[in-house]
Number of protein chains: 4
Amino acid sequence: MTLRFGVVGTGAIGREHIDRITNKLSGGKIVAVTDVNQESAKQTVEIYQLDAVVYPDDKALIADENVDVVLVTSWGPAHEATVVAAVEAGKYVFCEKPLATTAEGCMRIVEAEMKQGKKLVQVGFMRRYDSGYVQLKQVIDNNEIGAPLMIRAAHRNPIVGENYTTDMAVTDTLIHEIDALHWLVNDDYKSVQVVFPRKTKYSHDKLQDPQLFTIETNSGIVMSVEVFVNCKYGYDIQCEVIGEEGIVKLPEFSSVVMRKDEKLSTGILNDWKYRFMDAYNVEIQDFIDSITKKGEPEGPTSWDGYIAAVTSDACVKAQQTGEKEAITLQERPAFYNEKELQTV
Amino acid sequence: MTLRFGVVGTGAIGREHIDRITNKLSGGKIVAVTDVNQESAKQTVEIYQLDAVVYPDDKALIADENVDVVLVTSWGPAHEATVVAAVEAGKYVFCEKPLATTAEGCMRIVEAEMKQGKKLVQVGFMRRYDSGYVQLKQVIDNNEIGAPLMIRAAHRNPIVGENYTTDMAVTDTLIHEIDALHWLVNDDYKSVQVVFPRKTKYSHDKLQDPQLFTIETNSGIVMSVEVFVNCKYGYDIQCEVIGEEGIVKLPEFSSVVMRKDEKLSTGILNDWKYRFMDAYNVEIQDFIDSITKKGEPEGPTSWDGYIAAVTSDACVKAQQTGEKEAITLQERPAFYNEKELQTV
Amino acid sequence: MTLRFGVVGTGAIGREHIDRITNKLSGGKIVAVTDVNQESAKQTVEIYQLDAVVYPDDKALIADENVDVVLVTSWGPAHEATVVAAVEAGKYVFCEKPLATTAEGCMRIVEAEMKQGKKLVQVGFMRRYDSGYVQLKQVIDNNEIGAPLMIRAAHRNPIVGENYTTDMAVTDTLIHEIDALHWLVNDDYKSVQVVFPRKTKYSHDKLQDPQLFTIETNSGIVMSVEVFVNCKYGYDIQCEVIGEEGIVKLPEFSSVVMRKDEKLSTGILNDWKYRFMDAYNVEIQDFIDSITKKGEPEGPTSWDGYIAAVTSDACVKAQQTGEKEAITLQERPAFYNEKELQTV
Amino acid sequence: MTLRFGVVGTGAIGREHIDRITNKLSGGKIVAVTDVNQESAKQTVEIYQLDAVVYPDDKALIADENVDVVLVTSWGPAHEATVVAAVEAGKYVFCEKPLATTAEGCMRIVEAEMKQGKKLVQVGFMRRYDSGYVQLKQVIDNNEIGAPLMIRAAHRNPIVGENYTTDMAVTDTLIHEIDALHWLVNDDYKSVQVVFPRKTKYSHDKLQDPQLFTIETNSGIVMSVEVFVNCKYGYDIQCEVIGEEGIVKLPEFSSVVMRKDEKLSTGILNDWKYRFMDAYNVEIQDFIDSITKKGEPEGPTSWDGYIAAVTSDACVKAQQTGEKEAITLQERPAFYNEKELQTV
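Residues numbered from 1 in each chain as written. Chains lettered and ligands numbered in written order. Predicted model: local features only at pLDDT ≥ 70, side-chain atom pairs only at ≥ 80, totals over all residues. Heavy atoms only, no water.

Peer 1: Honestly, the sheet that holds strand β4 (residues 69-72) of chain A in this entry has me stumped. Any pointers?
Peer 2: Strand pairing in a sheet relies on backbone hydrogen bonds. The paired strands run either parallel or antiparallel. Residues and elements named next belong to chain A. Across the sheet, which stays open at both edges, the six strands sit in the order β3-β2-β1-β4-β5-β6 with parallel pairing between neighbours. Looking at strand neighbours, the two that pair on one side only are β3 (53-55) and β6 (121-123), the edges of this open sheet. Neighbour to neighbour, the strand axes of the sheet diverge by 25° on average, direction disregarded. Alignment of strand β2 (residues 28-34) against β3, held across three bridges, turns out to be parallel. Note that in β3 the partner of valine 33 across the bridge is valine 54. (Pairing = 2+ DSSP bridges. Helix = DSSP H or I, 4+ residues; strand = E, 2+ residues; numbered from the N terminus. Axes fitted to C-alpha atoms, helices over the stretch in contact; angles between N-to-C directions.)

Written out as structure tokens, the structure reads:
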């Protein structure tokens, strides 16, 4: 069985997924595309030599009986409407972050999905498919480090542009830790506080950089997460979980070891694209396989999208107030109770 | 375009490739299988739910017009006949090591292939597709360490069975280094000498373990390669290239970092299967893509299979004599002159 | 010239320094000892075969014309009186932490010392003499990582006893970071806030463990310092300084590298005594050499002792209030302006 | 008790030891010096402000009743005569390598020492006092890696001068491994073979560089030792012992960890002087303490000096012949049977 994808949004990330499904993975094919820029949609079909219909809009694409899955890679503010429509049509959905730009929007998706009576939606949080994070999760779940007490993490980019502002440290950057960290420790967030250290000279007026977030969970785990988007030296993702019996940390990105010029060194990436390349592939292959073999996706759910939205809002508020802000989630519906995710 | 595979040999490695092509990679499908054990062939079709014809033998399979590629994963001594027949029929071939069990057998394949006027055959040396080796090769080719002068390598298994004998340290184990090392430095081998250190108590009567091979190339590079197949502690592949300007070494296998019980540690694999899992996927996807897009495979050639056979013979002789043994290759046909291999 | 030491306090740390000066270092000798437990003082003379007078109390010892330096290794609450008396007598002083148990006590020592018109006192903060910290300091001072923006540090003990209470995480443990971190970045502290993560099951009623301190400096550097004294896995000191151009981190404690039992590992200490053994030797040798060659000690001053006392008080208050507490120092007297410390 | 040293040879290494004994260590003092260049001897006394007699030659210095220990740091060819004379006078001797320039010369010292009926002589092989080697030795002696089967080592210098010739790779460089490796595994050498890899362009006519030595011991341990003295990138000492149960390796030289310019790096030394600085101090302090407390030195003996001379001769011969050369030692006198060396 081949899963038939309709793609809404043929920008950079949309095309990457199209290439992935068409040329690298097994079990999926692109049968339909659309974009607010119709020209982009048409070019995409040509470039990747797709046997796919170009639709004028998402509604038409969703209505196509040949489309099993709607892949949502449009502009963030457009996600909610497309996802809700697709879910109401009973289609599977893979939606890049954010699921919706507001917590309320996410809840509307959650409700639409629950009404369908089965999980249809997966949100594109690819870190859960990175082999390092998968190993971290296994170590924690196997109780090898005992109960987690703290997490110390860092998300560093070499440089960002002038249009990147203080709040985007949350909505564009921290958002990945927001999803990954609660998943790692099977816990929910309770509060967040932000401290702004001395600003690097490589930042600009509208961007406080770096930032240090202190997030607490219901069980009392304290997560200290640094976001530093003009760190200069490279793209670097760090995550260390401190437990009662020991500590486990993400591996450094795998690189040959050089002895040269009085240094023993390994390389650090300069671009985020390479860091999670494998994870993107595993993520989409797992999405295809889960639906094909088990009838529903097993990755991050609409509820995880909702958690991310609520937490993100609280983090932005904490940036503005300097105070500890509550992260208040509605009660988790039984529908979204965790099963063990199987990514390997 | 989908590349259609006929598989000769449905044992463990054959089934792994079938699973890979069917469920993990893009652009290939299995359309025919055969095995001297017909029952195994039939079971394979069922297990993997293949839409494939079961043939009584390799000749019939090769004759099938729907078969574009013959995937040879049968017993080693059977390889030569299948490969020659497939080549003479103008089919592409992916053949697991060894290409043939003798140097003469390899030359017969080389000659058959040259007669066809195009490259058809790729040998299953997957290390060239491992991201660590690919990085090593890039560093060397970019002249970052200057001219290579020495290589220090190790191939270690935790344990082997009673049926593993001294010569198999060459034919089953060192064979991978034999292919990878000359490729890494773009050079040909000249001689080999073997020293047997004190034998580990975990070995047995018919197996000298460990062994230390000193291989010299035409340009004078000296390669010191340890084979240690009852090393107890894990499966571990080491390779370090010492150049005029610096040294580059394979990364350790990527693993989370633990602090526990007074140790700072990362994991070492206990089974070779996991070490090159990704490399197998990249290898076969590259094979498919090269043929589809460029009309010929770009990986290890029949000539590389011939080099491996000649070198392997010399290494076994060196085990027996204790002396430095020459490695004498015929002149490389222009047909097999190196283009730059593109694996990434 | 040999520097003649009188030792006040012949407990464990006193005896270690006596052994060090007598048997490992150059340029010092013990000529007098005293202890509130006279028997201990007498035993010490015998054990180390000292040619030293046993005095009934610190006053008599200070009055001995043969005593050039008073080494204060008595009970913390007794330090202030001994140090003030020694300073007023014009003697050099090496005082183990704390210089005094209150900020006011430290200021009385500062004033006594200024009245003498020269630096006489060094406080026993040995981290400044650890080769790792010395390298960190050099990297920062050489501007190799640009302006420091954040520090992330951890101070972990495997286990502590029942008598170790929450405030001792500051006064016994964090106190070393309090001295080392402001020295590293040449800055003064402004505020501190404490968060208590979920408590490890290995702690007890009167001890919150771990604790996470967020300390800000005048220039805006944010220091996130974890104290975890029942971390189980070992004694582990971590310090990472994040600057505008890069990051520098303490080396792990040097240990041979093992491959065994499917792990690649180095050892972690289980006892703090070994971690700073070399630093203690370098510290005391530097103290002797500075006085001998330059007429005054060049290590941590009375003012550093005062900073530690004020900061320690604020940290304990922050533990109690949960709020951000100010760290308010008096203005630094010109007398204590920094010269570059030379430890190597 | 203070051990009184007379120093024969006031060149660079002599002065370093004088500085060490005078200003850094405990329990020794310099009371006499001599040098074939009398001016150098006199300057040394001034520079280090020694209270020491300047003697016209070694004989006069040895005859001084105030001299307990003769420290031999003269030109290599002069060592034998001085050591023999000192031993015959019943003096302790610390002699820098080589003990004598010939095996016969070493044997004459051995015989002179045995005639005195007690160990008097220590040879300056400082690696045995390096904390990394000490840890290696402990791991091996504790049987943590089982029986040693192989050693893989490397001795690399960034650069050497035009006067450094092929044989000096043995006599100046490999000589340290020659002493350290048999000590590490408590075994004696049996044979050596040398291979010359392609020569680095940074070498010159009279120097084959790098070189690869394969040394076998009586129990069958095979040691593969690389000497590479124009390696460009730094001073680097590697040693890895492969045992039946696991592998242990020297730590890298301890250095802070940097993240900068897309590299994660630690420093490599560029000068041998810093690598074993601590080991030199520990070595001489141990020499002083052993004599003072136990009446004889406990470090490398005259017999170790003899082993080094015989092995060195065989290695140079192997450089010339390209063949496997025997290393033939006389039977070890009971006088030199190993006790456990205690360096920590």
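Peer 1: Explanation requested: the sheet that holds strand β5 (residues 92-95) of chain B in the structure shown.
Peer 2: Residue and element names in this part refer to chain B. Spatially, β3-β2-β1-β4-β5-β6 is the arrangement adopted by the six strands of the open sheet, whose pairing is parallel. Among the strands making up the open sheet, the edge pair consists of β3 (53-55) and β6 (121-123). Pairs of neighbouring strands in the sheet enclose a mean axial angle of 25°, with direction left out of account. Bridging between strand β4 (residues 69-72) and β5 involves four bridges; their strand directions are parallel. Pairing of leucine 71 across the sheet is with phenylalanine 94, part of β5. Against the sheet, helix α1 (residues 12-23) contacts β1 (3-8), β2 (28-34), β4 and β5, and its axis sits at roughly 150° relative to β2. (Contact = heavy atoms within 4.5 Å.)

Peer 1: Please explain the relation of the copies chain D and chain C as it appears in this structure.
Peer 2: The two chain copies are connected by a rotation around an axis plus a translation along it. In screw terms, the move from chain D to chain C is a rotation of 180° and a rise of 0.1 Å along the axis, fitting with an RMSD of 0.1 Å. Considering both components of the superposition, the chain copies are consistent with a two-fold axis. (Least-squares fit on C-alpha atoms with pLDDT ≥ 70 in both.)

Peer 1: Explain the UniProt feature "domain: Gfo/Idh/MocA-like oxidoreductase C-terminal" (unreviewed entry) in chain A here, please?
Peer 2: Per the UniProt record, the feature "domain: Gfo/Idh/MocA-like oxidoreductase C-terminal" (unreviewed entry) sits at residues 137-323 of chain A. Secondary structure within residues 137-323 of chain A divides into 35% helix and 27% strand; the distance between the first and last C-alpha atoms comes to 31 Å. (UniProt positions renumbered as here; feature names shortened; annotations may be inferred.)

Peer 1: Help me out: how do you make sense of the relation of the copies chain C and chain A in this one?
Peer 2: Screw-axis analysis of chain C against chain A gives a translation of 0.0 Å along the axis, an RMSD of 0.0 Å, and a rotation angle of 180°. Comparing interface residues between copies, 100% of those in chain C also lie at the interface in chain A; the contact surface is shared.

Peer 1: Please explain the pattern of salt bridges as it appears in this structure.
Peer 2: Oppositely charged side chains can form a pair if their charged atoms are brought close together. Under the defined criterion, the tally for this structure stands at 76 salt bridges over all chains. The shortest N-O distance in the salt bridge between D:Asp236 and A:Arg259 comes to 2.9 Å. Here the residue D:Asp236 occupies a position in strand β11 (residues 236-243), and A:Arg259 occupies one in strand β13 (residues 257-260), the pair thus bridging two chains. With a relative accessible area of 5%, A:Arg259 lands in the buried category. Across the salt bridge formed by B:Arg332 and B:Asp188, the nearest N and O atoms sit 3.8 Å from each other. One end of the pair, B:Arg332, is in the segment after β15 (325-326); the other, B:Asp188, is in the loop between α7 (168-185) and β8 (189-195), with 144 residues separating them in the sequence. (Salt bridge = Lys/Arg side-chain N within 4 Å of Asp/Glu carboxyl O. Buried < 20%, exposed > 50% of the residue type's maximum accessible area, 1.4 Å probe, protein only.)

Peer 1: Can you help me understand the environment of B:Glu216 in this one?
Peer 2: In this fold, B:Glu216 is placed in strand β9 (residues 211-217). Separated by 65 residues in sequence, B:Glu216 and B:Ile151 have C-alpha atoms that sit 9.9 Å apart. Apart from the residues lying within four places of it in its own chain, the contact partners of B:Glu216 are B:Tyr189, B:Lys190, B:Ser191, B:Ile221, B:Val222, B:Lys324 and D:Val195. Within the local environment of B:Glu216, its side chain forms a polar contact with the side chain of B:Lys324, the two groups lying 3.2 Å apart. (Polar contact = N/O pair within 3.5 Å; in protein donor to acceptor, adjacent residues only side chain to side chain.)

Peer 1: Whenever I open this one, helix α4 (residues 79-88) of chain D confuses me. Can you help?
Peer 2: Count 3.6 residues to each turn of an α-helix, and residues three or four apart come out pointing the same way. All names here are of chain D. Judged by how many residues are buried, α4 sits mostly within the fold: seven of 10 residues are covered. Every buried residue of α4 is accounted for by His79, Glu80, Thr82, Val83, Val84, Ala86 and Val87. In the segment just after α4, glycine 90 is the residue with positive phi, at about 80°.

Peer 1: Please clarify how the packing of helix α6 (residues 131-141) of chain C against helix α7 (residues 168-185) of chain C should be interpreted in this entry.
Peer 2: Packed helices, taken two at a time, are described by the angle between their axes plus the distance between the axes. Residues and elements named next belong to chain C. Across the interface, α6 lies against α7 with an axial gap of 10 Å and an inter-helix angle of 30°. Viewed along their axes, α6 and α7 adopt a mutual orientation that is roughly parallel. Here α6 contributes Tyr133, Leu136, Lys137, Ile140 and Asp141 to the contact with α7, which in turn contributes Glu177, Ala180, Trp183 and Leu184. When its residues are assigned to classes, the contact of α6 with α7 shows six nonpolar, no polar and three charged. (Parallel < 35°, antiparallel > 145°, perpendicular 65-115°, else oblique. Nonpolar A, V, L, I, M, F, W, Y, C, P; charged D, E, K, R; others polar.)

Peer 1: What's the story with the packing of helix α1 (residues 12-23) of chain C against helix α9 (residues 277-294) of chain C in this structure? I'm lost.
Peer 2: Residues and elements named next belong to chain C. Running from N to C, α1 and α9 cross one another at 65°; their axes reach a closest spacing of 11 Å. Here α1 runs over α9; the crossing is right-handed. Residues His17, Arg20 and Ile21 of α1 touch α9, and the partners they reach there are Met277, Tyr280, Asn281, Glu283 and Ile284. When the residues that make up the contact of α1 with α9 are grouped by side-chain class, the tally is four nonpolar, two polar and two charged. (Left-handed = near helix turned anticlockwise from the far one by under 90°.)

Peer 1: Just checking my understanding: could you explain the interface of chain D and chain C for this structure?
Peer 2: Quoted interface sizes are often the accessible area lost when the parts come together. Contacts between the two partners involve 28 residues from chain D, matched on the other side by 28 residues from chain C. For the pair chain D and chain C, the two sides together bury roughly 2,200 Å², of which 50% comes from carbon and sulfur. The tally of links from chain D across to chain C stands at zero salt bridges. The interface formed by chain D and chain C holds 10 residue pairs in polar contact (both at pLDDT 80 or more) in total. Elements represented by at least two residues in the side of chain D that touches chain C include exactly α1 (12-23), α6 (131-141), β12 (247-249) and β13 (257-260) of chain D. (Buried area = accessible area lost by both parts, 1.4 Å probe.)

Peer 1: When you look at the packing of aromatic side chains in this model, what are you seeing that I'm missing?
Peer 2: Here a ring pair, both rings aromatic, is described through the centre-centre distance and the interplanar angle of the planes. Within the structure shown, the criterion is met by 20 aromatic pairs over all chains. Residues B:Trp303 and B:Tyr306 carry aromatic rings whose centres are separated by 4.7 Å and whose planes lie at 40° to one another, so their mutual orientation is tilted. Note that B:Trp303 and B:Tyr306 are positioned in helix α10 (residues 302-321) at a spacing of three residues, about one turn of the helix. Each member of the pair, B:Trp303 as well as B:Tyr306, is classed as buried. Measuring from ring centre to ring centre gives 4.8 Å for D:Phe335 and D:Tyr336, while their planes differ by 75°; the resulting arrangement is edge-to-face. The exposure class assigned to D:Tyr336 is buried, which follows from its relative accessible area of 2%. Three or more aromatic residues joined by ring pairs make a cluster, and in this case those are A:Trp303, A:Tyr306, A:Phe335 and A:Tyr336. Over the ring of B:Tyr202 we find B:Lys232; its NZ or CZ atom is 4.2 Å from the centre of that ring. Looking at C:Arg275, its charged tip hangs above the ring of C:Phe276, at a distance of 4.4 Å from the centre. (Phe/Tyr/Trp six-rings, centres within 6.5 Å; stacked < 30°, edge-to-face > 60°. Lys NZ or Arg CZ within 6 Å of the ring centre and 35° of its normal.)

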